[in-house]
Amino acid sequence: MPLTNASARRRFARPHARGIALFLVMVGLVVCSILTAGFLSTQGTSIGIARNERDAEKCRAYAQTGIDLAYWLITNRSDWRITMSPGKWLNNYAVGDGAVTVSAQDGDNTGSFSDDPTQSVILVSTGSYNGRTFTISSRVTPTGGGTVFGGGSFLRGQLALHN
């Protein structure tokens with residue numbers, strides 16, 4: 001009996017080659033799933049980093065606002081050395097959707113601003129937003145006679161991130 005084309009195929013077919021297409025499709029699905037999971041994980045991390053950067057910038061801006069408020073008070077009130085005392089000038093003062101705390105210290109640590117009109121003032125401002133804080137220290141030094149402040153605020157800051 002002569003072999004037909006169909007019977008020859010059945011007779012010489014390799015039994016272990018059956019199902020290879022299904023196996024390749026399954027491997028492809030696993031690889032695609034792993035790539036998708038990696039992409040989604042990266043997106044979640046990027047969003048968290050962007051949120052932290054935004055919060056840090058807001059905290060820094062609120063802390064700078066506190067320095068600016070205290071500096072405005074110093075430059076616009078001629079009697080501030082007599083009427084104001086060292087300590088907290090602002091305590092959790094609402095600014096935007098955050099808060100700022102500002103304390104002032106006299107440069108010679110005598111506990112009084114009025115004893116020496118040429119002494120510098122040390123301002124420490126802490127901006128708070130969304131459980132995060134940023135602290136700025138500024139030494140403001142008077143020029144000539146202790147009435148006019150020059151040179152602006154020279155800042156040194158430290159960022160503290162909390163949950």
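Relevant structure appears above.
Just so we're clear, the structure is a prediction, and the values are computed from it rather than from any experiment. (Residues numbered from 1 in each chain as written. Predicted model: local features only at pLDDT ≥ 70, side-chain atom pairs only at ≥ 80, totals over all residues. Heavy atoms only, no water.)

Trainee: Before we go on, may I ask you to explain unusual backbone geometry in this structure?
Mentor: Working note: non-glycine residues mostly have negative phi, and peptide bonds are mostly trans. Positive phi values are uncommon outside glycine, yet Asn92 reaches one of about 50°. Among the residues examined, Asn92 registers a relative accessible area of 53% and is labelled exposed. Even without being glycine, Asn109 reaches a positive phi, approximately 55°. Among the secondary structure elements, Asn109 is positioned in the loop between β2 (98-106) and β3 (121-129). According to the relative accessible area criterion, Asn109 is exposed, its value standing at 66%. (Buried < 20%, exposed > 50% of the residue type's maximum accessible area, 1.4 Å probe, protein only. Helix = DSSP H or I, 4+ residues; strand = E, 2+ residues; numbered from the N terminus.)

Trainee: Would you take a moment to explain the pairing of β3 for this structure?
Mentor: Side chains on a regular strand alternate between the two faces of the sheet. Sheet topology places β2 next to β3; eight bridges connect them, and they run antiparallel. Residue Ser103 lies in a different strand from β3, and its bridge partner there is Val124. As judged from the nine bridges shared by β3 and strand β4 (residues 132-140), these two strands associate in the antiparallel manner. Residue pairing for β4: Gly127 is matched across the bridge by Phe134. Counted between consecutive antiparallel strands, the loop separating β3 from β4 contains two residues, among which Asn130 sits at a positive phi close to 55°. (Pairing = 2+ DSSP bridges.)

Trainee: I tried to follow the pairing of strand β1 (residues 87-95) on my own but got confused; where do I start?
Mentor: Bridge count for β1 against β2 is six bridges, and the pairing is antiparallel. When the bridges of β2 are listed, Leu90 appears paired with Val102. Between β1 and β2, which follow one another and run antiparallel, lie two residues, and Gly96 among them has a positive phi close to 60°.

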